[in-house]
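Here are the chains, one letter per residue:
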Amino acid sequence: MVTSQVVNTYPLSSYTFGTKEPKMEKDTSVADRLARMKVNYMKEGMRTSVDGILLKNVFTKFCIRRGINLQVQEHNHPHILLLQIGNTFCKLPGGRLKPGENEIEGLKRKLSSKLAANSPSLQPEWQIGECVATWWRPNFETTMYPYCPPHITKPKECKKLFLVHLSDHEYFAVPKNLKLLAVPLFELYDNVQVRQGSVVGIVAT
Amino acid sequence: MDDANAATGNGNSHQTSLGDSSVLDVYPLSCYYFGSMDSVPFKNETVADRVLRMKANYDAYGMRNCVAAVIVYVSALQPELVVMDKVELFKHPHLLLLQVQNSIYKLPGGRLRPGESDIQCLKRKLSSKLSAGEDGRGPEWEIGECLGVWWRPGFETLLYPYLPPNTKRPKECIKLFLVKLPTSRRFIVPKNFRLLAVPLCQLHDNDETYGPIISGVPQLLSKFSFNFVEP
């Protein structure tokens, strides 16, 4: 077994965040998105997409009142970086592979496009780790499963999630219309309001 | 058979850089032999009794460490439709589960003895629950990687797939390991347990029937692509 079980995470403070020009979503509604998927499927076959799971440790300090005393509690808990569009829609950084594109190269391309500054001197060296999950979309609907459902011979999409190892200092530049959130694992677990909550919830394991 | 390959493979025609550790060989159910042995007593206790027992054990031994085996093989599903007079049998991975009484499902495994390692305990439990005896006369079990860890922060709390923040003294830790099956195997099961092969599609999101650990197994397995080996 070559896979490493320990993932290094660094405190949020060691990362620098900037902004860049907005990156608009291609679709304005779920229906539009599914319609566009159908068109692409006719042209190119099954859609393969890749997403990156970027983990970082966030050190939080908070005070609680216990009787007459004020206690300071601190905890370190891994958080995942998510991109938030609008007010409620969250997703992992990533996207669709071009036809014939290698998964790892595609993920690096997507991560740079969503998270890296435009100037070539500030491009991070993305360290892509193991694939931690594969999700399948059997029909042109929003439901996805962690296996290809039986009786499905022509899945419409296959999405692979990869762990991305962050170095101790990175410079991220996020499109102005998106927000980069660091969401703790306990908030993702069982939280179906976060889009792809089920896709992301697996990482907690 | 190209269509079937698209469904069972990972759909990506490129070599991934993951190496062989992400491909699992699974063999058809027909390669395995199933027999039975004497019943193994199952602790039938109330929830309150169980909490008391866990507290007593915690005071004596500290955090309860458990291991569980994730054993996968393939079984053809009953076809629901007959298409053009040809019956398609779709291969779908199944998980081996022990059913105790009508509604309790468990992964083969159990609690570590003091000083025992995870792997030793798992082999011991697999031998005692699934083969002829605990004395190691049975064949060797090939234990693979750790797929996931579940934590219980308090005696009466739920299990979580992460250590909740501010948990200073977790009460239980359950580690799930992949167990690779050889091409054929004799399974001998205690009479009061039923050994089931449950398809992943039935487990997914089915917390009410199987509990969070078992219903979460399909997600843990999704990183593997299954190589269905014909006997």
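Fair warning: this is a prediction, and the values are worked out from it, not measured in the lab.

A few words now on the overall build of chain A. Of the regular secondary structure elements, chain A holds four helices and nine strands. In sequence order, the secondary structure elements of chain A are arranged as β-α-β-β-β-β-α-β-β-β-β-α-α. Contacts in chain A between residues at least 24 apart in sequence constitute 69% of all its contacts with a sequence separation of at least 6. For chain A, the exposed surface amounts to about 10,400 Å²; the carbon and sulfur share of it is 53%.

Within chain B, the secondary structure is distributed over six helices and 11 strands. Carbon and sulfur atoms provide 50% of the accessible area of chain B, an area that totals close to 12,100 Å².

Okay, unusual backbone geometry next. Peptide bonds are, in most cases, trans, and in most cases residues other than glycine have a negative phi. Positive phi values are uncommon outside glycine, yet A:H151 reaches one of about 75 degrees. With respect to the helices and strands, A:H151 occurs in the loop between β6 (127-137) and β7 (157-165). The backbone of B:D205 sits at a positive phi, close to 65 degrees, despite the residue not being glycine. Residue position: B:D205 is located in the loop between α4 (200-203) and α5 (207-215).

This next bit is on the confidence of the model for chain A. Close inspection of predicted coordinates is inappropriate in any region flagged by low pLDDT. Residues and elements named next belong to chain A. Taken over all residues, the pLDDT of chain A has a mean of 76, while the share at 70 or more is 74%. Averaged pLDDT values over the elements of chain A bottom out at 39 in helix α4 (residues 197-201) and peak at 91 in strand β5 (residues 94-96). Contacts of residues 1-5 to residues separated by more than four positions or lying in other chains number six contacts, the stretch itself having pLDDT below 50. The model gives residues 192-205 a pLDDT under 50, and that stretch makes 35 contacts with residues more than four places away or in other chains.

Here we take up the pattern of salt bridges. Taken as a whole and assessed by the stated rule, the structure comprises 12 salt bridges over all chains. We note a salt bridge from A:R109 to A:E101, for which the minimum N-O separation is 2.8 Å. By relative accessible area, A:R109 is classed as partly exposed at 27%. The exposure class assigned to A:E101 is buried, which follows from its relative accessible area of 14%. Between B:E172 and B:R64 there is a salt bridge whose closest N-O contact spans 3.2 Å.

It is worth spelling out the nonpolar core at this point. All names here are of chain B. Judged by nonpolar contacts, the single largest core of 31 residues is most densely connected at V70, L95, L97, L107, L176 and L221. Element by element, the count of residues in this core is highest for strand β3 (residues 64-76), at five residues. Once residues lying within four places of it in the same chain are set aside, the contact partners of L176 are A68, V70, L107, E145, C146, L147, G148, W150, I213, V217 and L220. The next biggest cluster of nonpolar side chains, apart from the first, holds 25 residues, and it includes Y73, L96, L98 and L130.

To continue, consider the pairing of β6(A). Residues and elements named next belong to chain A. Most of β6 sits inside the fold, with 10 of its 11 residues counted as buried. The pairing of β6 with β7 spans eight bridges and is classified as antiparallel. Bridge pairing in β7 links W136 to C158.

An ideal rise of 1.5 Å per residue puts 18 Å on 13 residues; helix α3 (residues 118-130) of chain B measures up with 18 Å between its terminal C-alpha atoms. When we look at burial in α3(B), the residues that qualify are B:D118, B:C121, B:L122, B:R124, B:K125, B:L126, B:S127, B:S128, B:K129 and B:L130.

This structure, assessed with the given rule, holds one cavity of 30 Å³ or more. Taken together, the residues of the lining of the largest cavity sort by class into three nonpolar, two polar and two charged.

Enumeration over the complete set of coordinates arrives at seven aromatic pairs over all chains. Seen from their ring centres, B:W141 and B:F187 are 6.4 Å apart, and the 25 degrees between their planes marks the pair as stacked. Of this pair, B:W141 sits in the loop between α3 and β7 (142-152) while B:F187 sits in strand β9 (residues 185-190); the two residues are 46 residues apart in sequence, bridging distant segments of the chain. Residue classification places B:W141 among the buried residues on the basis of a relative accessible area of 4%. For B:F187, a relative accessible area of 0% corresponds to the buried category. Positioned over the ring face of A:Y41 is A:K156, at 5.3 Å from the centre of the ring. Above the ring of B:F155, the side-chain terminus of B:K171 is found at 5.4 Å from the ring centroid.

A few words now on the side chain of A:R47. Structurally, the position occupied by A:R47 is in strand β2 (residues 47-66). Apart from residues no more than four positions distant in its own chain, A:R47 is found in contact with A:R33, A:M37, A:R96, A:K156, A:E157 and A:C158.

So, how was this worked out
Residues numbered from 1 in each chain as written. Chains lettered and ligands numbered in written order. Predicted model: local features only at pLDDT ≥ 70, side-chain atom pairs only at ≥ 80, totals over all residues. Heavy atoms only, no water. Helix = DSSP H or I, 4+ residues; strand = E, 2+ residues; numbered from the N terminus. Contact = heavy atoms within 4.5 Å. Areas by Shrake-Rupley, 256 points an atom, 1.4 Å probe, with all protein chains shown as cover. pLDDT = per-residue confidence, 0-100. Salt bridge = Lys/Arg side-chain N within 4 Å of Asp/Glu carboxyl O. Buried < 20%, exposed > 50% of the residue type's maximum accessible area, 1.4 Å probe, protein only. Core = buried A, V, L, I, M, F, W, Y, C linked by side-chain atoms within 4.5 Å. Pairing = 2+ DSSP bridges. Expected span 1.5 Å × (residues − 1). 1 Å grid on protein atoms, 1.4 Å probe; cavity = no way out; pocket = protein on both sides within 12 Å on 5 of 7 lines; lining within 4 Å. Points joined across faces, edges and corners; volume = space filled by probe spheres on them. Nonpolar A, V, L, I, M, F, W, Y, C, P; charged D, E, K, R; others polar. Phe/Tyr/Trp six-rings, centres within 6.5 Å; stacked < 30°, edge-to-face > 60°. Lys NZ or Arg CZ within 6 Å of the ring centre and 35° of its normal.

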